[in-house]
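Survey of secondary and tertiary structure
Each chain, letter by letter, is given below.
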Amino acid sequence: MYFLIWVIDGMNFAIFDLNLLRTLDALLTEGSTVRAAKRLGLSQSAVSGALSRLRHALNDPLFVRHGNRLVATDYAAGLIGPVRQELERIEAMLSPLTQFDPQTASGTFRITASDFFAELLMPRLADRLHKKAPGIRAQLVDLVAQDYVSSLERRNADLALIPDMTLPDWVSREPLFRSPFHVIARRENPGIAGLETGQTMPLETFCTLRHVLFSPEGNTASLGDAALAQVGRKRQVAMTVPVFSGVCRAVRESDLIALVPAQLAADVAETFDLCIFQPPMPIDPPLIVAIWHKRSETTPLSVWMREEVFGLMRALDN
């Protein structure tokens, strides 16, 4: 049984049987308990009983008999349009999802991720939406530091793009690409004199030069440090920055170097006049995944947007 919270003439019908609205609509349309019963697939006595409950709930006779017809009272006649509209709204709300048309769709899709994706995803997504779904707005918001999964709810996000991790059972997951690391340095950095871009940076050079580290939380160690520890070495972290764009700018304006995702290094190297090197020690490339709340698993706009993002991100796999 379905219930509806309804307020009429200042009265709160805290539990109102939604089936009574269907009966009222049929009676308003047919003007007869017999025909209304036929329309609803009910017995005449069931419709008469529903009409009695409606009269009691709404404190109005609703219909008066005129010959063999039921004529709506002024109050009931005023409900014809609103009742029909309400039933149609509820029917649309509860109906199976219809086919999604991106050209005519509208709405907002929020993505939570690091600013890596401001460089590598959002410009491409902007072009895609402009051409295929001009009514959809995309928003990129920061991840919640040290609790990436909670970003879905605390940032009210439809999608999070994060390194792979153990996930709660209310989250869905899609693998996207692996993100190896490269070393970047400005071309005029004296510490890389004699090195050719693209080659492996010598371990001694890597450990002697000072580093700027991407860390939203202000940590001074990362995957690179764990990999160095495996070969018994350490590096000098001179600075931490909470955004990748800040890391790249610090490298461009100083003699610091940095380990950054290979895709980002390739994207900014020409603009920032940077040299790119292979790291001197093996680093397992993290898997980047998309996660989303299962409540939006079949939401048409979310399904379409996820597939667009997935396609753009999988192109980064190398």
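In this text, all values refer to a predicted model and were calculated from it rather than measured experimentally. (Residues numbered from 1 in each chain as written. Predicted model: local features only at pLDDT ≥ 70, side-chain atom pairs only at ≥ 80, totals over all residues. Heavy atoms only, no water.)

Let us now look at the nonpolar core. By size, the foremost hydrophobic cluster in this structure holds 46 residues, and its most contacted members are Ile-111, Phe-117, Leu-121, Leu-125, Leu-161 and Ile-184. With 7 residues, helix H13 (residues 300–314) is the single largest residue contributor to this core. Setting aside chain neighbours within four positions, we find Phe-117 in contact with Met-122, Leu-140, Leu-161, Phe-177, Ile-288 and Met-313. One finds Leu-40, Leu-51, Leu-54 and Val-83 within the second-largest nonpolar core, a separate group that totals 23 residues. (Core = buried A, V, L, I, M, F, W, Y, C linked by side-chain atoms within 4.5 Å. Buried < 20%, exposed > 50% of the residue type's maximum accessible area, 1.4 Å probe, protein only. Helix = DSSP H or I, 4+ residues; strand = E, 2+ residues; numbered from the N terminus. Contact = heavy atoms within 4.5 Å.)

Once that is clear, we can look at helix H10 (residues 223–230). If you check which residues of H10 are buried, you get Gly-224, Asp-225, Ala-227 and Leu-228. Down the axis of H10, the buried side of the element spans an arc of 160°, and every buried residue falls inside it. Turned more than 90 degrees away from the buried face of H10 sit Ala-229 and Gln-230, all of them exposed. Contacts from the buried residues of H10 go to helix H9 (203–208) and strand S12 (258–261). At the exit of H10 stands Gly-232, carrying a positive phi of roughly 75°. (Arc of directions from axis to C-beta.)

Along a regular strand, successive side chains alternate from one face of the sheet to the other. Sheet topology places strand S3 (residues 63–66) next to strand S4 (residues 69–72); 4 bridges connect them, and they run antiparallel. Note on S4: the bridge partner recorded for His-66 is Arg-69. Linking S3 to S4, which pair antiparallel, is a turn of 2 residues; within it Gly-67 sits at a positive phi near 65°. (Pairing = 2+ DSSP bridges.)

A few words now on the layout of surface pockets. Approximately 750 Å³ is the volume attributed to the largest pocket. Taken together, 35 residues make up the lining of the largest pocket; nearest its centre are Tyr-148, Pro-163, Phe-214, Pro-216 and Phe-244. Across the lining of the largest pocket, the residue classes break down as 25 nonpolar, 6 polar and 4 charged. What the second largest pocket holds in volume is close to 300 Å³. Along its surface, the second largest pocket is lined by 13 residues, and Arg-22, Arg-84, Leu-87, Ile-90 and Glu-91 are the ones closest to its centre. For the lining of the second largest pocket, the secondary-structure elements that each account for two or more residues are helix H1 (18–30), helix H2 (33–40) and helix H5 (80–94). Taken together, the residues of the lining of the second largest pocket break down into 7 nonpolar, 1 polar and 5 charged. (1 Å grid on protein atoms, 1.4 Å probe; cavity = no way out; pocket = protein on both sides within 12 Å on 5 of 7 lines; lining within 4 Å. Points joined across faces, edges and corners; volume = space filled by probe spheres on them. Nonpolar A, V, L, I, M, F, W, Y, C, P; charged D, E, K, R; others polar.)

This paragraph deals with the side chain of Ser-215. Looking at the element boundaries, Ser-215 is found in the loop between strand S10 (210–214) and H10. Judged by its relative accessible area of 6%, Ser-215 falls in the buried class. If near-sequence neighbours (up to four positions away) are discounted, Ser-215 is found in contact with Thr-240, Val-241 and Pro-242.

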